[in-house]
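For reference, the chains in residue letters:
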Amino acid sequence: MTLTTPTAGQRSAGTFRRLTGRLEIRMLVLAIVLACVLSLLSPYFLTRSNLFNILDQSVVIGIVAVGMTFVILTGGIDLSVGSVAGLTGIILGLAVQNYPLPVAILLAVTSGAGIGLISGLLIAYFSLAPFVVTLGMMAIGRSLAYILSGQTAISNIPSGMSDLVYTDILGLPANVLFLCVLYLAAWGYLTYTKGGRTIYAVGSNKEAARAAGLAVFFYSVLPYVVSGALAAVAVTISIAQLLSADPLMGNAMELDAIAAVVIGGASLFGGRGSIIGTLIGVLIMVMIRNGLNLIGVSPFWQGSAIGSIIIAALLIESIVSRRIGR
Amino acid sequence: MTSRDPLLTATGIAKTFDRTRALAGAQFDLMPGEVHGLLGANGAGKSTLSKVIAGHVIPDEGQLVYRGQPLRLRSTRDALDNGIAIVMQETSLVPDLSVAENIFLPELGRKGRGISYAGLHRRGRELLAALGQEYVLPLDIKVRHLSAAQRQLVEIAKALGVGAELIIFDEPTASLSPIEVDRLFDIMTRLRAGGTGLIFVSHRLEEVFEITDRVTIMREGRTVLASHPTASLTQAELIRHMVGRDLGGIYDRAPASAGLKASAPVALQVTGLKSPPVVRDVSFAVHEGEILGLGGLVGAGRSETVEAIFGLRHRSAGTITVGGKVVNPKKPAQAVRAGIGFVAEDRRSQNIVPDLSVKENLLLAHLGAHRGFGLGYRSREKEIDRLLASLGLPADRLLDANMLNFSGGMQQKIIIARWLLLNPKVLILDEPTKGVDIGTRQSIYQLLRDVAAKGVAVVVVSSDFEELIGLSDRIVVISDGASIADLPASLLDEEKLTLLAAPRTSMARNTEMLKNLSLETGGAGFWALLDQDRMICLNMVGAADTADPGFVTGDAKAFAETRIPTALKGREPVFVPEVDGQRSTMLLPLRTSRGHDMGWVGLTLPGGARVPPPETIRGRVEALAASL
């Protein structure tokens with residue numbers, strides 16, 4: 001077997017190829033193209049207030065997508081995030097009636113992490129399929145949300161809670177700033193820590209990771225804990241905005257999160273993907289929805305439009321990447 | 001030889017995987033009614049070429065002509081429809097279907113018609129009868145319960161079931177005992193007589209000489225010797241063509257160091273290791289600075305043994321000590337902490353993390369051992385540079401995104417370096433040169449010797465017996481999940497190792513005969529290989545002290561060290577008394593029906609015992625030999 005060595009010409013073409021070879025970059029281009037098209041269709045799209053609007057709408061889905069990225073990087077999937085958000089939202093809503101806000105939030109986030117821990121242990125210890133375990137959790141979570149709430153929304157949330165979202169820090173709304181900090185932390189963790197690299201290794205080749213002495217079990221469970229906890233964080237922000245906790249909260253949220261992660265270049269088989277890609281994926285999702293609203297597409301048609309755009313984006317991506325050769 | 005027209009001609013076949021050129025202008029031709037050996041070192045492209053012929057791999061260039069017509073295969077289905085079948089080492093059988101269903105599996109892929117199970121059974125019996133094996137294989141048993149040899153038989157029957165006229169045997173003998181190999185060769189001889197063209201891919205030269213009519217030798221993706229009559233070649237010529245030069249120096253080592261190593265402290269000791277279902281009872285010890293080979297047939301439990309030691313498999317019994325301390329790792333991380341490194345057999349599925357860069361792959365074991373939140377890569381930079389230089393790896397390729405673009409040898413070096421970075425006390429390697437080209441193999445051998453010279457205990461599992469003997473200081477033979485012999489490599493050659501490695505189950509009748517002999521006569525029956533003045537005991541039954549010949553199963557001794565030196569020297573088919581008058585022994589050669597030398601059967605009786613007539617014993621041994 002001989003190895004063909006790259007010639008000088010191939011090397012110089014390498015930089016361009018490395019750039020276009022990165023899915024995140026291609027998706028970033030897609031996001032920019034999308035923004036241009038939308039700004040042509042609606043003059044309001046590129047206004048400052050609408051851009052802040054887009055960022056604001058990105059926060060909740062963006063937070064959940066971070067946890068989803070962790071899970072998908074290990075080759076798993078978490079279908080339960082939406083109903084975990086619903087359930088922990090109700091827990092928060094009930095707790096805040098009797099306890100101070102920080103305690104209530106802590107309780108909600110701990111519950112989210114706890115549910116994730118149960119899913120993660122079932123998946124890692126008993127080798128159950130992530131799809132099925134989290135599907136079960138999804139049903140359980142939603143059902144408990146209805147039972148705990150007594151099938152109605154909890155609307156007597158202390159109005160002070162909205163300060164969580166609407167305080168401006170450094171010229172940015174607190175929730176947007178939080179999102180930025182979260183993405184920075186997640187990016188740093190996945191890139192520069194033992195745990196982050198182990199998550200990639202586990203998703204890319206679990207056998208090899210185990211044989212190299214990595215803590216495969218721990219890092220197979222951790223992503224589900226993170227995902228559950230972040231679902232609770234996301235719903236906390238939702239509640240702070242709406243000042244109401246509804247058992248239906250987070251409905252179908254898992255689909256948006258998975259779509260964002262996949263658009264961001266992650267492989268559902270694990271090992272491939274990045275937090276920056278996920279951020280781009282989230283922005284694309286939110287921009288499409290925002291744009292469709294601005295243009296005035298009926299909400300009933302929006303699902304079809306978003307679905308088609310996602311599939312078309314991935315189709316083009318698959319063709320392009322095959323052309324480029326991975 | 002029914003016709004002078006070739007059955008198949010392949011010319012100018014080229015195939016590149018990613019950036020690795022597997023075939024670069026290979027050519028090949030096959031006559032009907034011949035057994036054609038396809039030879040080459042690891043990575044020479046012989047497997048790829050056979051996969052091209054079998055439709056598994058679509059070539060980039062080149063053409064196949066089959067029965068005078070150009071042949072374009074797009075799938076295995078195509079190949080089967082044309083009567084071309086391949087019998088692979090790892091069989092393509094469905095474990096949960098019956099033998100009959102597996103034989104006719106290709107028909108399930110055809111359109112139309114239901115299946116008649118009665119018809120399947122009848123035709124299955126006919127096929128097995130054609131192979132002379134109708135009594136060997138029950139048709140309704142699930143394939144899951146079959147031995148490696150029986151599975152292979154199913155594969156062959158399956159090939160005949162689709163009316164194959166060209167059958168490729170890819171390393172068919174790797175997991176077979178010598179007796180099973182003989183049976184396979186009988187089948188191949190029958191097929192050849194019936195006009196079928198057979199391609200025999202192997203690296204066991206003695207088998208090539210025994211069964212093939214012509215050979216084609218490949219090297220680095222090219223045909224270097226095309227369709228040469230086997231009989232006019234010598235073994236040395238074959239090797240020279242395969243390697244491209246004389247092999248002599250590959251296994252060179254510092255002489256007479258073995259004794260020194262045996263006195264070094266024990267680095268790894270394994271006692272009574274049990275890991276169901278395969279590993280039953282394995283014990284051995286490796287000294288610091290020693291290279292220990294674990295020999296045995298494919299499926300004997302060697303990989304399972306080392307995986308169990310490393311904590312990748314559950315152990316139900318046994319003790320593992322490293323440097324005198326009991327470790328008993330439950331997971332690899334604990335084994336690593338105890339100072340064990342492990343290069344698993346399958347690089348692609350067990351070693352390489354494809355989505356991490358080459359550098360991160362190199363640092364993967366470090367990442368597992370690192371105690372901190374960050375990466376700690378920086379602290380290893382110097383060692384990495386030093387290691388890369390000593391391995392002859394270009395440092396600038398370390399940042400390459402995809403390790404799978406590297407050659408097999410380069411990948412293997414990086415995986416080995418992954419462990420060297422941690423300075424292990426024990427380094428275990430499972431098939432370290434699988435898929436590695438011959439030039440790089442040599443540098444891997446040198447690397448392992450250098451590692452051992454620094455005091456690391458090296459354990460190597462290999463199915464290539466020549467490599468195992470050449471590389472190791474000592475060899476522990478594993479058969480049917482138990483360690484049965486522990487011998488210096490210098491006492492062994494490939495043939496002896498093959499006999500030692502034969503599964504005990506396939507020797508059941510042999511053992512039974514020895515047991516009966518010893519029971520009836522009150523003596524000790526044994527089966528041994530005899531040299532000029534040394535012997536290796538393959539099996540010993542009967543423990544009466546007075547008849548003890550002075551060795552047990554797995555022992556290798558000089559005649560003078562045993563209690564029956566006179567008899568072993570004389571090798572008489574009658575009872576020869578020893579000088580001290582304590583014991584008398586008769587020895588009989590064991591030959592299979594194909595004339596294979598299977599060593600000697602002996603019976604030792606106590607001094608004053610009643611001596612049975614030697615002829616009756618000879619009759620029984622010959623009857624057994626004939627039926628093997």
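Residues take numbers from 1 onward in each chain, read along the sequence in its written order. Working convention: letters from A go to chains and numbers from 1 go to ligands, in the order in which they are written. Local features in this predicted model are restricted to residues whose pLDDT is 70 or higher, and side-chain atom pairs enter the listing and the counts only when it is 80 or higher, whereas totals over whole chains, interfaces and linings include all residues.

**So, the overall build of chain A**
The condition that has to hold: Here a helix means four or more residues in a row that DSSP labels H or I, a strand means two or more in a row labelled E, and each is numbered from the N terminus. Every radius of gyration here is taken over C-alpha atoms, with the globule rule written as 2.2 Å times N^0.38, N being the number of residues. Buried, partly exposed and exposed are defined by the number of other C-beta atoms within 10 Å of a residue's own C-beta, namely 20 or more, between the two limits, and 12 or fewer respectively, with C-beta atoms placed from the backbone.
Across its full length, chain A carries 14 helices and three strands. Against the compact-globule benchmark of 20 Å for 326 residues, chain A has a radius of gyration of 21 Å, which places it among compact chains. With the principal axes as the frame, chain A shows a C-alpha extent of 70 × 55 × 40 Å. Residues counted as buried form 48% of the 326 residues belonging to chain A.

**Some thoughts on the packing of helix H4 (residues 81–98) of chain A against helix H6 (residues 130–149) of chain A**
Residue and element names in this part refer to chain A. Operational definition: An axis is simply a line fitted to the C-alpha atoms; with a helix, the fit covers only the stretch in contact. Between two such axes, the angle follows the N-to-C directions and lies from 0 to 180 degrees. In these notes the angle categories are as follows: under 35 degrees is roughly parallel, over 145 is roughly antiparallel, 65 to 115 is roughly perpendicular, and the rest is oblique. Each crossing gets its handedness from the near helix: less than a right angle anticlockwise from the far helix is left-handed, clockwise is right-handed. Contact between residues is assigned whenever the C-beta positions, reconstructed from backbone atoms, fall within 7 Å. Only Asp, Glu, Lys and Arg are considered charged in this grouping, and only Ala, Val, Leu, Ile, Met, Phe, Trp, Tyr, Cys and Pro are considered nonpolar; every other residue, Gly among them, is considered polar.
Remark: H4 packs on H6, axes separated minimally by 7 Å, with the N-to-C direction vectors making an angle of 25°. When the interaxial angle is binned, H4 and H6 end up roughly parallel. The interaxial crossing formed by H4 with H6 has left-handed handedness. Every residue of H6 that contacts H4 at Gly82, Ser83, Val84, Gly86, Leu87, Ile90, Ile91 and Leu94 is listed here: Met138, Gly141, Arg142, Leu144, Ala145, Leu148 and Ser149. Its residues placed into classes, the contact of H4 with H6 shows nine nonpolar, five polar and one charged.

**Section: unusual backbone geometry**
With an omega of 5°, the peptide bond between Pro276(B) and Pro277(B) qualifies as cis. Within the fold, Pro277(B) resides in the loop between strand E11 (266–275) and strand E12 (279–287). The backbone phi angle of Leu170(A) is positive, close to 55°, even though this residue is not glycine. When you line up the elements, Leu170(A) lands in the loop between strand E2 (168–169) and strand E3 (172–173). Non-glycine residue Arg67(B) carries a positive phi angle of around 50°. The residue Arg67(B) is located in the loop between strand E4 (61–66) and strand E5 (69–71) in this model.

**Regarding the interface of chain B and chain A**
In this assembly, 35 residues from chain B lie in contact with 24 residues from chain A. Of all the secondary-structure elements, those providing two or more residues to the side of chain B that touches chain A are strand E2 (20–30), helix H12 (332–337), helix H13 (347–351), helix H15 (364–369) and helix H17 (408–420) of chain B. Looking at the side of chain B that touches chain A element by element, the count peaks at five residues for H15(B). Within the side of chain B that touches chain A, the residues separate by chemical class into 17 nonpolar, 11 polar and seven charged.

**Some words on the pairing of strand E7 (residues 166–170) of chain B**
Residue and element names in this part refer to chain B. Operational definition: Should DSSP find at least two bridges between two strands, the strands are taken to pair. By convention, a crossover is right-handed whenever its connection, traced from the first strand over the helix to the second and viewed with the strands pointing away, goes clockwise.
Most of E7 is tucked away, with five of its five residues classed as buried. Alignment of strand E6 (residues 84–87) against E7, held across four bridges, turns out to be parallel. Note on E7: the bridge partner recorded for Val87 is Phe169. Direction of pairing for E7 relative to strand E8 (residues 197–201): parallel, over a ladder of five bridges. Within E8, the residue paired with Ile168 across the bridge is Ile199. Handedness of the crossover joining E7 and E8 through helix H7 (residues 178–193): right-handed.

**As for the sheet that holds strand E23 (residues 556–558) of chain B**
Residue and element names in this part refer to chain B. Taken in spatial order, the six strands make up an open sheet running E23-E22-E21-E26-E25-E24, and their pairing is antiparallel. One side of each edge strand has no neighbouring strand; the edge strands of this open sheet are E23 and strand E24 (576–577). Bridge count for strand E21 (residues 524–530) against strand E26 (residues 597–606) is five bridges, and the pairing is antiparallel. Within the sheet, the bridge partner assigned to Trp527 lies in E26 and is Val601. Of the strands in this sheet, E21, strand E22 (534–541) and E26 touch helix H20 (residues 494–501), which is tilted by about 10° from E22.

**Quick word on the nonpolar core**
To be explicit about the condition: When buried Ala, Val, Leu, Ile, Met, Phe, Trp, Tyr and Cys residues are joined through C-beta atoms within 7 Å, the set is termed a nonpolar core. Residue ranges for the domains originate in an automatic or database domain assignment.
The biggest cluster of nonpolar side chains holds 204 residues, and the ones touching the most others in it are Val64(A) and Val426(B). Of the residues forming this core, the biggest block, 17 residues, is contributed by helix H11 (residues 216–242) of chain A. Each of domain 2 (251–500) and domain 3 (503–627) of chain B gives at least three residues to this core.

**Quick word on the domain arrangement of chain B**
All names here are of chain B. Segmenting chain B into domains produces domain 1 (8–246), domain 2 (251–500) and domain 3 (503–627). Taking the mean C-alpha position of each, domain 2 and domain 3 sit 38 Å from one another. Taken together, the contact between domain 2 and domain 3 spans 12 residues of the former and 12 residues of the latter. Of all the secondary structure elements, the ones that give two or more residues to the side of domain 2 that touches domain 3 are strand E20 (482–488) and H20. The greatest single-element share of the side of domain 2 that touches domain 3, amounting to four residues, is contributed by E20. When the residues that make up the side of domain 2 that touches domain 3 are grouped by side-chain class, the tally is eight nonpolar, one polar and three charged.

**Quick look at the environment of Tyr189(A)**
All names here are of chain A. Looking at where Tyr189 falls in the secondary structure, it is placed in helix H8 (residues 174–192). Look at Tyr189 and you get partly exposed, because 19 C-beta atoms sit within 10 Å. Spatially, the C-alpha atom of Tyr189 lies 9.9 Å from that of Ile275, the residues being 86 residues apart in sequence. Non-local contacts of Tyr189, meaning those with residues more than four positions away in its chain, are made with Gly195 and Gly196.

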